[in-house]
Amino acid sequence: MATTHKRFNAIDTLMVDGVSSSEPMDIQNAILEFYQNLYREIEAWRPNLNIQGDQSITGEEQVWMSRQFEEDEVLKGIKLCVVDKAPGPDGYTMAFFQAFWDVLKEDLMLTFQNFHSQQMFEKSFNATFMALIPKKVGATELRDFRTISLITGVYKIIAKVLAERLKRVVGKLVNKHQMTFHKVEANYGCCFNSKWLKWMEFCIKTTRFSILVNGEPVGFFPAERGLRQGDLLSPFLFIIAMEGLDSMMRIASQNSWIRGFNARNRENEAMEQICHLRVILVVFEAYSGLKVNWRKRSIFPVKEVQQIQVLASILNCKIENLPTVYLGMPLGSMHKAVEIWDGVIEKTEKKLAL
């Protein structure tokens, strides 16, 4: 099984500057340059966004969040981690830390105590291997690969303990409809005390990546923006960051800047509200650094929509037709048609067969 995965994930050919190349050094250099640029902050300054009425946590909760780390809490965090996930640069899985807790606990607790008092840990703990997984057979362009971050065991434990604390209060920080960053302090500095913010800042800003290309680590560069897939803190920080966008949308709705419209009968109103939506997304990108990938965005007209080309041009997105598939699920099909679920059933059966 491992050999099969290794063969499938191998990158033998890659499009480099529009030309297909099988030269290993060209492939490595192209991949390294692409991800260095992807994680490089291109703006020297970003504005802050202050939205009145943001939700917060109490002073007692802030103290609880930044309290001393206890042995039982750290051990619980280790036991909550999946034991057989691929290891990071240190080569240790969570199974190792669980099995040898009695031997390792003294050193681990010293690491946590230092992190609590100094708001830092050894930067080598935050070294990360980035594995490239092809989305399809025969992938030759970097956009056809998804990334998985392989994180060291010690950082994973630290992140899990912090994530468990954050889990207790995150519901108070975001709108209930959202519950179904690099710049955390820009949005929610008023919600956390300085110790917690320094912890988050250190965890995010000390990230260093090496790209695994055919099993060999290439490069070692900082992540100046974005969050790591695989970092146990990332889902919570992303939710908090996205609360800024949710707040902007709520304010736009309250002021009737976005209120829904009949695209078939009210062309001017449709264009006005689409423009408002575009402005909100541009402003959100400016302060957060989170950019909408318009190449992956589409507008789907239902029946006939006049000036659909104009509406699509405002959002700079494609025009597509229903039915389609969204997040693996059929969208816009006749809901009573049994055959539309064939693809979902087939994929599920394949997953269950692994």
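Going by the structure above, here's the rest.
Treat the numbers as computed from the prediction; the structure is a model and nothing was measured.

Novice: Explain the side chain of Asn126 to me, please; I cannot follow it from the model alone.
Specialist: Residue position: Asn126 is located in the loop between helix H6 (101-118) and strand S3 (127-134). The class of Asn126 is buried, set by a relative accessible area of 0%. A polar contact of 2.8 Å, which involves the side chain of Asn126, links it to the backbone oxygen of Cys203. Excluding its chain neighbours within four sequence positions, the residues that come into contact with Asn126 are Phe121, Tyr155, Phe202, Cys203, Thr206, Thr207, Arg208 and Arg228.

Novice: Could you clarify how one ought to interpret helix H7 (residues 153-173) in this entry?
Specialist: Taking 1.5 Å per residue, 21 residues should reach 30 Å; H7 reaches 29 Å between its end C-alpha atoms and fits that length. The largest bend in H7 comes to about 45°, at Lys167. Counting buried residues in H7 gives 16 out of 21 residues, a clear majority hidden from the surface.

Novice: Looking at this structure, I do not really get empty space enclosed by the protein. What am I missing?
Specialist: Where empty space is left becomes clear once a probe the size of a water molecule has been rolled over the atoms. If you add up the space inside the largest cavity, you get close to 70 Å³. In terms of residue class, the lining of the largest cavity is made up of five nonpolar, four polar and three charged.

Novice: So what exactly am I meant to see when it comes to the pairing of S3 here?
Specialist: A regular strand places its side chains so that they alternate between the two faces of the sheet. Judged by how many residues are buried, S3 sits mostly within the fold: seven of eight residues are covered. Relative to strand S4 (residues 145-151), S3 runs antiparallel, the two being bridged by seven bridges. Each residue of the ladder has a partner; that of Ile133, found in S4, is Arg146.

Rules and cut-offs
- Residues numbered from 1 in each chain as written.
- Predicted model: local features only at pLDDT ≥ 70, side-chain atom pairs only at ≥ 80, totals over all residues.
- Heavy atoms only, no water.
- Helix = DSSP H or I, 4+ residues; strand = E, 2+ residues; numbered from the N terminus.
- Buried < 20%, exposed > 50% of the residue type's maximum accessible area, 1.4 Å probe, protein only.
- Polar contact = N/O pair within 3.5 Å; in protein donor to acceptor, adjacent residues only side chain to side chain.
- Contact = heavy atoms within 4.5 Å.
- Expected span 1.5 Å × (residues − 1).
- Bend = angle between axes of the 7 residues up to and from the residue.
- 1 Å grid on protein atoms, 1.4 Å probe; cavity = no way out; pocket = protein on both sides within 12 Å on 5 of 7 lines; lining within 4 Å.
- Points joined across faces, edges and corners; volume = space filled by probe spheres on them.
- Nonpolar A, V, L, I, M, F, W, Y, C, P; charged D, E, K, R; others polar.
- Pairing = 2+ DSSP bridges.

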